[in-house]
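Fold and contact review
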Amino acid sequence: MDEYNSLNHTCYLDEKCPMFDYCCIHCCIQSGYYKSKRFFDFDTIECLVMKSCYKAILKLLSVGNDECKDVFLYQ
């Protein structure tokens, strides 16, 4: 918990990353600790993939919200 609090809700790889809370919830603190002696050890490649997926999902939802706002099944 001390390490999480010391991060102050910011990723040490990218301070403006919107995925910080998601990564903290889904990272394995045990493997992070064994790998680097830090509980929250974020992988650079995994981080790039997650941010790319996040941005793509936001764009997809934006298009869906614009084009399908009257479709019952979409809502």
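The structure contained in this document is the topic of the report that follows.

Details of the overall build of the chain
A count of helices and strands for the chain gives 4 helices and 0 strands. Here the chain has a C-alpha radius of gyration of 16 Å; the compact-globule value for 75 residues is 11 Å, and the former is much larger. Projected onto the principal axes, the alpha-carbon positions of the chain cover approximately 50 × 25 × 20 Å. The long-range fraction of contacts in the chain, counting pairs at least 24 apart against all pairs at least 6 apart in sequence, stands at 42%.

Comments concerning the side chain of Lys-51
With respect to the element layout, Lys-51 can be found in helix H4 (residues 44-67). The contact partners of Lys-51, leaving out residues within four places of it in the chain, are Asp-14, Cys-17 and Met-19.

Considering the pattern of salt bridges
Enumeration over the complete set of coordinates arrives at 1 salt bridge. A salt bridge links Asp-14 to Lys-51; its shortest N-O distance comes to 2.8 Å. You can see Asp-14 sitting in the loop between helix H1 (2-7) and helix H2 (20-26) and its partner Lys-51 sitting in helix H4, a full 37 residues away along the chain.

So, H4
An α-helical turn contains 3.6 residues, so any two residues separated by three or four positions project in the same direction. Over its 24 residues, H4 extends 35 Å from the first C-alpha to the last, a length consistent with the 34 Å expected when each residue adds 1.5 Å. Of all the residues in H4, the buried ones are Cys-47, Met-50, Lys-51 and Gly-64. Its buried side turned inward, H4 meets H2.

Describing a nonpolar patch on the surface
A cluster of nonpolar residues, Ile-57, Leu-61, Val-71, Phe-72, Leu-73 and Tyr-74, forms a patch on the protein surface that exposes about 670 Å² of accessible area. With respect to the helices and strands, Tyr-74 occurs in the segment after H4.

Here we look at unusual backbone geometry
If you check the backbone angles, Asn-8 has positive phi at about 55° while not being a glycine. By secondary structure assignment, the location of Asn-8 is in the loop between H1 and H2.

Cut-off values and rules
Residues numbered from 1 in each chain as written. Predicted model: local features only at pLDDT ≥ 70, side-chain atom pairs only at ≥ 80, totals over all residues. Heavy atoms only, no water. Helix = DSSP H or I, 4+ residues; strand = E, 2+ residues; numbered from the N terminus. Rg over C-alpha atoms; globule rule 2.2 N^0.38 Å. Contact = heavy atoms within 4.5 Å. Salt bridge = Lys/Arg side-chain N within 4 Å of Asp/Glu carboxyl O. Expected span 1.5 Å × (residues − 1). Buried < 20%, exposed > 50% of the residue type's maximum accessible area, 1.4 Å probe, protein only. Patch = residues over 30% accessible without salt bridge, like charges linked within 9 Å, V, L, I, M, F, W, Y side chains within 5 Å. Areas by Shrake-Rupley, 256 points an atom, 1.4 Å probe, with all protein chains shown as cover.

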